[in-house]
Number of protein chains: 2
Amino acid sequence: MGRVVVEVMPKPEILDPQGKAVVGALPRLGFTQFTSVRQGKRFELEVEGDVTPEVLAAAQQAAETLLSNPIIEDVVNVFDATQVPA
Amino acid sequence: MGRVVVEVMPKPEILDPQGKAVVGALPRLGFTQFTSVRQGKRFELEVEGDVTPEVLAAAQQAAETLLSNPIIEDVVNVFDATQVPA
């Protein structure tokens, strides 16, 4: 069984209210190191069999159409994660 | 400027309604390869200066307390992503 990971982040110029909320909460919990936080999404897609180039291409296309909103988000990574433990 | 990435996924035994919605939508768009989808979160935390072991430890602790709900989510990755383009 194969696994593809798709990572999606808000575009840099887009306001990210979830990230703003996190960066505001961190110092209240004692974490004063962090100056900026962005929150995105991470998908794990499983396939029967191996992650072929065709599967990766389909995942890339799904990432750009269904898994992200190209107006406000970038697909930052699509990769074969079969060898990575779940 | 350094960047730490934190990745959080729903625990395997927890129902993931967002992932279920995606796996139901994929075949309607012609993507029939994928048998299962899980949706999690990906955070990019920025720090002034380098990502030291102390910064990574703080990010791990923030990941386990603020960025994830340990009842239903696992922190799957905390790593220095300074060298990775944004």
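Use the structure listed above.
Residues numbered from 1 in each chain as written. Chains lettered and ligands numbered in written order. Predicted model: local features only at pLDDT ≥ 70, side-chain atom pairs only at ≥ 80, totals over all residues. Heavy atoms only, no water.

**Q** What am I meant to see in the relation of the copies chain A and chain B here?
**A** The two chain copies are connected by a rotation around an axis plus a translation along it. With an RMSD of 0.0 Å, chain A superimposes on chain B once it is rotated by 180 degrees and translated 0.0 Å along the axis. The superposition of one copy onto the other is thereby described by a two-fold rotation axis. Identified as the residue of chain A closest to the rotation axis by C-alpha distance is Lys-41 of chain A, at 2.2 Å. (Least-squares fit on C-alpha atoms with pLDDT ≥ 70 in both.)

**Q** Would you mind going over the interface of chain A and chain B with me for this structure?
**A** You'll often see interface size given as the accessible area lost when the parts meet. The interface is formed by 32 residues belonging to chain A together with 32 residues belonging to chain B. Between chain A and chain B the total buried area reaches about 2,900 Å² when both faces are included, carbon and sulfur atoms providing 69% of it. At the boundary of chain A with chain B, the tally comes to two salt bridges. With a shortest N-O distance of 3.2 Å, Arg-42 of chain A and Glu-7 of chain B are connected by a salt bridge. Inspection of the region where chain A meets chain B yields ten residue pairs in polar contact (both at pLDDT 80 or more). Those elements that provide at least two residues to the side of chain A that touches chain B are β1 (2-10), α1 (17-28), β2 (34-47) and α2 (53-67) of chain A. Top contributing element to the side of chain A that touches chain B by residue count: β2 of chain A, with 14 residues. Residue composition of the side of chain A that touches chain B, grouped by class: 18 nonpolar, seven polar and seven charged. (Contact = heavy atoms within 4.5 Å. Buried area = accessible area lost by both parts, 1.4 Å probe. Salt bridge = Lys/Arg side-chain N within 4 Å of Asp/Glu carboxyl O. Polar contact = N/O pair within 3.5 Å; in protein donor to acceptor, adjacent residues only side chain to side chain. Helix = DSSP H or I, 4+ residues; strand = E, 2+ residues; numbered from the N terminus. Nonpolar A, V, L, I, M, F, W, Y, C, P; charged D, E, K, R; others polar.)

**Q** Got a minute to help me understand the layout of surface pockets in this structure?
**A** Approximately 360 Å³ is the volume attributed to the largest pocket. What lines the largest pocket is a set of 22 residues, and nearest its centre among them are Lys-41 of chain A together with Gln-18, Gln-39, Gly-40 and Lys-41 of chain B. Among the secondary structure elements, those contributing two or more residues to the lining of the largest pocket are α1 and β2 of chain A together with α1 (17-25) and β2 (34-47) of chain B. The residue makeup of the lining of the largest pocket, split by class, is ten nonpolar, six polar and six charged. (1 Å grid on protein atoms, 1.4 Å probe; cavity = no way out; pocket = protein on both sides within 12 Å on 5 of 7 lines; lining within 4 Å. Points joined across faces, edges and corners; volume = space filled by probe spheres on them.)

On their own, these measurements won't tell you what the molecule is for.
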